[in-house]
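Examining the three-dimensional arrangement
What follows is the residue order along each chain.
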Amino acid sequence: MNIKKIKEDFPILKKKINGFELVYLDNSATTQKPIQVIEAVNCYYENNNANVHRGGYELSRESTDLYEEAHKETAEFIKAKKMEEIIFTKNTTESINLLSFSLGEKLKKNDVVLTTKIEHHSNIVPWQQLKRKGIKVEFVEVTKDGKLNEKDLEEKLSFKPKIFAFTGASNVLGTVNDIKKLVKQGKDADALTIIDAAQFVQHKKINVKKLNVDFIAFSSHKMLGPTGIGVLYGKEELLEEMPPFMTGGDMISKVSCEKSYWNSLPWKFEAGTPNIAGGIGFRIALKYLERIGIEEIDKHEQKLLNYATKEMQEIDGIEIFGPEKNKLGIISFNVKGVHPHDVSSVLDRKGIAIRSGNHCAQPLMEELGIKGTARASFYLYNTKEDADKFIEGIKEVKKIFKVD
Ligand code: PLP
């Protein structure tokens, strides 16, 4: 992997922040975009812009073909059976809302949905909405080092949940879940299995067919693609049975004043004019990731993670949260005596962008007994020099706040 060359593909990384070259370490929130993606979006608007699936004219056919190609590329990326199983949404949040709405239609009072205490709010709040129907939401406990508590998981699965929705990896701690094992355990308990893959697919290869998972959800903007495009993968036979989430134009095959009939998959779940340019840009992002190789990207992140973690362990008064092994290139930490927002503000003065706060995971924060953390997250364009600047920044925080 030629990082120098990769870095050149990302125009924003040349930007100066407060007089310093940008060191972008908030990749779990969103990633930067390579010039290839930016150009693909511009090129679409300059050359192919028209609505999809509507016009019987050349430009609309071009736009439709490009948009459908994006579904095909996504299917290949996660090894789905066919593009009919790929629904474009706005983001992971919308994908999970779609599931809670459509699957929720079939659930009955006292049915159980099982999720975990390590989840992002978007894999908690949509399920809580089903409580209005008398559905129970249960949570698998986490261990002190941020892993799922296996004993508790077994116990909660014995409640025979109808749905087991869990994250592939934690956006806060970087914990990587054993998705193969979890899907199997969910299936053995006769639950529908859902992976929130928002922090997974950009770091780890996934093969949904082999995994036999029922649904996965993820976001383009966390994997070099545009914002406003998300994915819901679902097994064809399940999607066929489910009622649509949003209704209106493009998702129907026939409408009369009395009744409407749904369009075929995946369009049945894509009501209204979709984010065409976003989908087209996303296809190029996937191609970019495939050219570099997800495994190569993962290896690179692991090197940075190990290096930065060791350096941080040398500094007194730093608490690092999460497991020691099987984690993404994410370091969630606190500097003793300093608020995480202050840590991030000091780093920002040097052009270093990290995240601070509860990371949309308040139940996890409660479990850890903290209000928030500072979080640095690496991706393919980050370098050892970025890690060094980050470490120097932390030392500076300690000096400024006079904590030892
Ligand atoms: N799930 C996880 C694990 C996440 O980290 C995030 C975003 O950080 C989401 C879901 C929500 O993603 P989006 O905001 O793109 O819907």
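For the structure, see preceding data.
Small disclaimer: the values here were computed from a predicted structure and weren't measured.

Near the ligand there are 14 residues, and of these T93, D196, Q199, S219 and K222 occur at the shortest range. H120 places a side-chain nitrogen or oxygen 3.5 Å from an oxygen atom of the ligand. One of the side-chain nitrogen or oxygen atoms of K222 is found 2.5 Å away from an oxygen atom of the ligand. Protein burial of the ligand: of its 400 Å² of free accessible surface, 88% is covered by the chains.

Tallied over the full model, the rule gives ten aromatic pairs. Residues F88 and F282 carry aromatic rings whose centres are separated by 6.1 Å and whose planes lie at 70° to one another, so their mutual orientation is edge-to-face. With a gap of 194 residues between them, F88 in strand β4 (residues 86-89) and F282 in helix α10 (residues 276-292) connect regions that are remote in the sequence. With relative accessibility at 6%, the residue F88 sits in the buried group. Relative to F166, the ring of F164 lies with its centre 4.8 Å away and its plane at 40°, an arrangement referred to as tilted. By relative accessible area, which is 0% here, F166 ends up buried. Members of the aromatic cluster, joined through ring pairs, are F10, Y288, Y379 and Y381. For K259, the ring lying beneath its charged end belongs to Y261, and the centroid distance is 5.0 Å. The ring centre of Y288 lies 4.9 Å from the NZ or CZ of R291, which sits over that ring.

Time to look at the packing of helix α11 (residues 294-313) against helix α14 (residues 384-400). When two helices pack together, their arrangement is given by the angle between the helix axes and the distance between those axes. Two elements in contact, α11 and α14, have axes whose closest approach is 10 Å; the angle formed by their N-to-C orientations is 25°. When the axis of α11 is compared with that of α14, the two are roughly parallel. In this structure, the crossing between α11 and α14 has a hand that is right-handed. Along its contact with α11, which presents L304, Y307, A308, E311 and M312, the element α14 presents K384, A387, D388, F390, I391 and I394.

All right, on to the packing of helix α12 (residues 340-349) against α14 then. Two elements in contact, α12 and α14, have axes separated by 9 Å at closest approach and are oriented at 120°. Considering their axes alone, α12 and α14 lie oblique with respect to each other. Pair α12 / α14 crosses with right-handed handedness. Side by side, α12 and α14 meet where V343, V346, L347 and R349 of the first sit next to F390, G393, I394, E396, V397 and I400 of the second. A per-class count over the contact of α12 with α14 returns seven nonpolar, one polar and two charged.

Below, the discussion takes up the nonpolar core. If you look at the biggest cluster of nonpolar residues, it comprises 73 residues, and the most contacted ones within it are I78, I216 and L380. Both of domain 1 (3-26 + 294-400) and domain 2 (48-291) provide at least three residues apiece to this core. Each residue touching L380, except ones within four places of it in the same chain, is listed here: M1, I3, I6, F10, L224, Y288, I292, I297 and H300. Counting 26 residues, the second largest nonpolar core, distinct from the first, contains I331, V343, L347 and I352.

With that out of the way, let us pick up the pattern of salt bridges. The final tally for this structure, using the stated rule, is 24 salt bridges. K81 serves as the salt-bridge partner of E236, at 3.3 Å between the closest nitrogen and oxygen. Of this pair, E236 sits in helix α9 (residues 236-241) while K81 sits in the loop between α3 (58-78) and β4, and the two are 155 residues apart along the sequence. Its relative accessible area of 45% is what places K81 among the partly exposed residues. E296 is paired through a salt bridge with K299; the nearest N and O atoms lie 3.2 Å apart. Highlighted residues: E296 and K299, both in helix α11, separated by three residues, approximately one helical turn. Exposure remark for E296: the relative accessible area of 33% places this residue in the partly exposed category. For K299, a relative accessible area of 51% puts it in the exposed group. Each of K81, K82, E85 and E236 takes part in salt bridges that share partners, so that together they form one network.

On to the layout of surface pockets, then. Considering only enclosed or pocket space, the largest pocket measures out at about 420 Å³ in volume. Lining the largest pocket are 16 residues, with K147, E150, V176, N177 and D178 positioned closest to its centre. In the lining of the largest pocket, the residues fall into five nonpolar, four polar and seven charged. Viewed by domain, the lining of the largest pocket spans two of them, domain 1 (3-26 + 294-400) and domain 2 (48-291), each represented by three or more residues.

Thresholds, definitions, all that
The written sequence of each chain sets the order in which its residues are numbered from 1. Reporting in this predicted model follows two pLDDT cut-offs: at least 70 for local features of residues, and 80 or more for side-chain atom pairs to be given and counted; totals over whole chains, interfaces and linings ignore these cut-offs and use all residues. The side-chain quantities take in all heavy atoms of the structure and omit both hydrogens and water. Being near a molecule or strand, for a residue, means having at least one of its heavy atoms within 4 Å of it. Nitrogen and oxygen atoms within 3.5 Å of one another constitute a polar contact, given that in protein one can donate a hydrogen and the other can accept it, and given that sequence-neighbouring residues count only through two side-chain atoms. Computed by Shrake-Rupley with a 1.4 Å probe, the accessible areas treat only the displayed protein chains as cover when residues are assessed. Working definition: rings of Phe, Tyr and Trp (its six-membered ring) pair if their centres are within 6.5 Å, and the pair is stacked with planes under 30 degrees apart, edge-to-face with planes over 60 apart, and tilted otherwise. Secondary structure elements are defined from DSSP: runs of H or I of at least 4 residues count as helices, runs of E of at least 2 residues count as strands, and each element is numbered from the N terminus. Buried means the residue's accessible area, taken with a 1.4 Å probe over protein chains only, is under 20% of the maximum for its type, while exposed means over 50%, and partly exposed covers the values in between. Either the NZ atom of lysine or the CZ atom of arginine qualifies as a charge over a ring when it sits within 6 Å of the ring centre and within 35 degrees of the ring normal. Axis lines are fitted to C-alpha atoms, over the contacting stretch for helices. Their N-to-C directions set the angle, which ranges from 0 to 180 degrees. Orientation is classified from the angle alone, with under 35 degrees giving roughly parallel, over 145 giving roughly antiparallel, 65 to 115 giving roughly perpendicular, and any other angle giving oblique. What makes a crossing left-handed is the near helix being turned counterclockwise from the far one by less than a right angle; a clockwise turn instead makes it right-handed. Contact criterion: two residues are considered in contact whenever any of their non-hydrogen atoms come within 4.5 Å of each other. Think of it as three bins: nonpolar holds Ala, Val, Leu, Ile, Met, Phe, Trp, Tyr, Cys and Pro, charged holds Asp, Glu, Lys and Arg, and polar takes everything else, Gly as well. In this description, a nonpolar core means a group of buried Ala, Val, Leu, Ile, Met, Phe, Trp, Tyr and Cys residues linked to one another through side-chain atoms lying within 4.5 Å. As used throughout, domain bounds are those supplied by an automatic or database domain assignment. We define a salt bridge as a contact between a side-chain nitrogen of Lys or Arg and a carboxyl oxygen of Asp or Glu at a distance within 4 Å. A pocket here means an open set of points on a 1 Å grid, computed over the protein atoms alone, that has protein on both sides within 12 Å along at least five of seven lines. A cavity is instead a set of points where a 1.4 Å probe fits but cannot get out; residues with an atom within 4 Å of a point line either one. Grid points are joined across faces, edges and corners, and a volume is the space filled by probe spheres set on the points.

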